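Chains, contacts and geometry: an overview
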Amino acid sequence: MRDAGRGAANDPTLIVGLHGVLDRHPWFERASAEYDLDEDVFSLATKRATAYGFSSTLIGRAAAANAELWEHNDAGGDWTADGRVRQMASLQARLPERRGGRRLPLLPMVTVLTDALRRVGPVRLTGLHALVPLHGTADVRAELATVADWFALGDPDGTAQLTVTVSARPSAGLSGRAAEVCEGARARVYERMTVETADNPGSPPGLALPLAGEVQAEGMRQALAFRCGAHEWSPDVAAWTAEVFADALRDAGTAEPVLITVSVA
């Protein structure tokens, strides 16, 4: 059992899911038929990741030698256009080892998924979830300073209220550490976002259950919750918020995978 637990703690699987409402373009099916296309989240995400140079169909050593950010494992999503919040797209990837630690490619993965969805139709994002491996991740405080400056160029009068939750296994040792993680997150947003601890919100708003990655998240329970205030809400803000909390958790000594959700009502 100890070996199994250690294996789960060191699992380099990263899973990202986007939730919200997707309206298909009225011409989507016609274009698909005209060019004999049968596109889904996996195919669109693979094409887009290859276009950016983030990842490709290469696997194993070939992918590592090409300095790719991840190796595709799986992808999926619910494109039902009924006005209800759905888990529109999810991507499961394996992260290669990097000397000196690796940065979690949260924004690149969110960008790929967002691009894929927008090719299908207009998107209204309501939430993100990310199952992130913290073992072997790098200290990215310096990088997060430049990210915070990017979001400083938002509308000063804009407001967005975010709910952030962190779930983990009891062995992660997060119980009673909300204040510590909160301070770590505040230090990483450089006053571009407000961060406060919050009561457990139960099922976070803006997410469609079950979340992709149930198998990898087995045994995890919601341990921490936060309220954040930003000047805008976007896929980029969701990815930034998730990375801020992931790095704060890493700095607090958490090495096991955690499930982070970022959502709006």
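For the structure itself, look to the data block above.
Residues numbered from 1 in each chain as written. Predicted model: local features only at pLDDT ≥ 70, side-chain atom pairs only at ≥ 80, totals over all residues. Heavy atoms only, no water.

The subject of this paragraph is the overall build of the chain. Secondary structure summary: the chain contains 8 helices and 8 strands in total. Against the globule reference of 18 Å for 265 residues, the chain gives a C-alpha radius of gyration of 18 Å, in line with a compact fold. Overall, the chain is about 55 × 50 × 35 Å in size when its C-alpha atoms are taken along their principal axes. Per-residue burial over the chain gives 51% buried out of 265 residues. Pairs at least 24 apart in sequence give 84% of the contacts found in the chain among residues at least 6 apart. Here the chain contributes 26 positive and 34 negative side-chain charges, whose respective centroids are spaced 4 Å apart. (Helix = DSSP H or I, 4+ residues; strand = E, 2+ residues; numbered from the N terminus. Rg over C-alpha atoms; globule rule 2.2 N^0.38 Å. Buried < 20%, exposed > 50% of the residue type's maximum accessible area, 1.4 Å probe, protein only. Contact = heavy atoms within 4.5 Å. Lys, Arg positive; Asp, Glu negative; His and termini not counted. Charge placed at Lys NZ, Arg CZ, Asp CG, Glu CD.)

Our next topic: the environment of Val132. In this fold, Val132 is placed in strand β4 (residues 123-132). For Val132, a relative accessible area of 0% puts it in the buried group. Each C-alpha atom of the pair Val132 and Asp11 lies 9.5 Å from the other, and the pair is 121 residues apart in sequence. Beyond its immediate sequence surroundings of up to four residues, Val132 is in contact with Leu14, Leu104, Leu106, Ala246, Glu256, Pro257, Val258 and Ile260.

Glancing now at empty space enclosed by the protein. In this approach, a probe sized like a water molecule rolls over the atoms, and the result shows the empty space that is left. Tallied over the full model, the rule gives 1 cavity of 30 Å³ or more. Roughly 60 Å³ of internal volume is contained in the largest cavity. Together, Arg102, Arg103, Leu104, Leu134, Thr137, Ala138, Val140, Glu243, Ala246 and Asp247 line the largest cavity. (1 Å grid on protein atoms, 1.4 Å probe; cavity = no way out; pocket = protein on both sides within 12 Å on 5 of 7 lines; lining within 4 Å. Points joined across faces, edges and corners; volume = space filled by probe spheres on them.)

It is worth spelling out the sheet that holds β4 at this point. The pairing of strands in a sheet comes from backbone hydrogen bonds and takes either a parallel or an antiparallel form. Taken in spatial order, the 8 strands of this open sheet run β2-β3-β1-β4-β8-β5-β7-β6, and their pairing is antiparallel. The open sheet is flanked by β2 (71-76) and β6 (194-197), the only strands paired with a single partner. Averaged over neighbouring strand pairs, the angle between their axes works out to 20 degrees when direction is ignored. Where strand β1 (residues 13-22) meets strand β3 (residues 86-94), 8 bridges bridge the pair, whose relative direction is antiparallel. (Pairing = 2+ DSSP bridges. Axes fitted to C-alpha atoms, helices over the stretch in contact; angles between N-to-C directions.)

Right, let's talk about the layout of surface pockets for a bit. Its boundaries defined by the atoms lining it, the largest pocket holds a volume of some 280 Å³. Looking at the largest pocket, it is lined by 18 residues, and the ones nearest its centre are Ser167, Leu209, Leu211, Ala217 and Leu259. The set of elements that each furnish at least two residues to the lining of the largest pocket consists of β5 (160-168), β7 (221-230) and β8 (258-263). Of the residues contributing to the lining of the largest pocket, the split by class is 9 nonpolar, 7 polar and 2 charged. (Nonpolar A, V, L, I, M, F, W, Y, C, P; charged D, E, K, R; others polar.)

It is worth stressing that arrangement in space is one thing and function is another; only the former is reported here.
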